[in-house]
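Spelled out from the first residue to the last, the chains are:
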Amino acid sequence: MIVVTGASSGLGAALVSLYDSNQQTTFFTGRSAEKLECLNSTLTHSLGYHRCDMAVHSEVAALFEQLPSTPKTIIHCAGSGYFGLLELQSPQAIQTLIANNLNSAINLVQEAVKRYQNEPVTVVMVMSTAALQAKAQESTYCAVKWAVKGLIESVRLELKDKPMKLVAVYPGGMSTEFWPSSGKAINTESFMSAKDAASMIYNAMSAIGNGYVSDITVNRC
């Protein structure tokens, strides 16, 4: 079973569809029940969905309780963007940014580790290339993504010699619903589609022998 968060749209929805087309069972979550139901109606191997705000710890705990079995892979795509000059950014919007990106990642990893650290479960944390390099007018967005990167690298040390694996994914330049709500006007015509990014991540996730892909960067041409 593949569990995907942030599946209401964009990369999360594209990954659910891709895994389903490859005859793998999925369970997915997002904040829009209507969009989740719409996605579910297109699938043939879905085990269901659960509406969840990943920024709320009690809802994340309830999500894990709803899972029908131990997942093989958990892919965390939930998040949001907020851009602009720092002095012009709204404090309330910054707090929402922190909740949607950092708090949600902490909640997901904490609950996964509590339950599955002694199981061969792969937890895939989708971030952004903003976690790898500074970008003007993306200061707070970079800050939360760098924080998630620090979380992943630190928990990896805590999981040393455990069968659970953490995979970091850094996509950049994707054309999704993320941009219209980010506050940043940008032409996304040259950006890769969520479907293309999902395919690249899916292919890179294959384990080889005794190793595994620990970090994946997906850039547009």
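The name recorded for the chain in an unreviewed UniProt entry is Short-chain dehydrogenase, from Vibrio galatheae.

In spatial order, the strands read 3-2-1-4-5-6-9; together these seven strands make up an open sheet with parallel pairing. The open sheet has two free edges, formed respectively by strand 3 (46-51) and strand 9 (215-218), since each of these has just one partner strand. Adjacent strand axes in the sheet meet at a mean angle of 15°, parallel and antiparallel pairs treated alike. Sheet contacts for helix 5 (residues 139-158): strand 5 (122-126), strand 6 (165-171) and strand 9; angle to strand 6, the most-contacted strand, approximately 160°.

A side chain with one charge may pair with a side chain of the opposite charge, provided their charged atoms come close. Counted according to the given criterion, the structure contains five salt bridges. A salt bridge links Glu153 to Lys149, with the nearest nitrogen and oxygen atoms 2.8 Å apart. Here Glu153 and its partner Lys149 are both found in helix 5, four residues apart, which amounts to about one turn of the helix. Given a relative accessible area of 22%, Lys149 falls into the partly exposed group. Salt bridges here are not isolated pairs; linked through shared partners, they connect Glu65, Glu111, Lys114 and Arg115.

Conventions used here
Residues numbered from 1 in each chain as written. Predicted model: local features only at pLDDT ≥ 70, side-chain atom pairs only at ≥ 80, totals over all residues. Heavy atoms only, no water. Pairing = 2+ DSSP bridges. Helix = DSSP H or I, 4+ residues; strand = E, 2+ residues; numbered from the N terminus. Axes fitted to C-alpha atoms, helices over the stretch in contact; angles between N-to-C directions. Contact = heavy atoms within 4.5 Å. Salt bridge = Lys/Arg side-chain N within 4 Å of Asp/Glu carboxyl O. Buried < 20%, exposed > 50% of the residue type's maximum accessible area, 1.4 Å probe, protein only.

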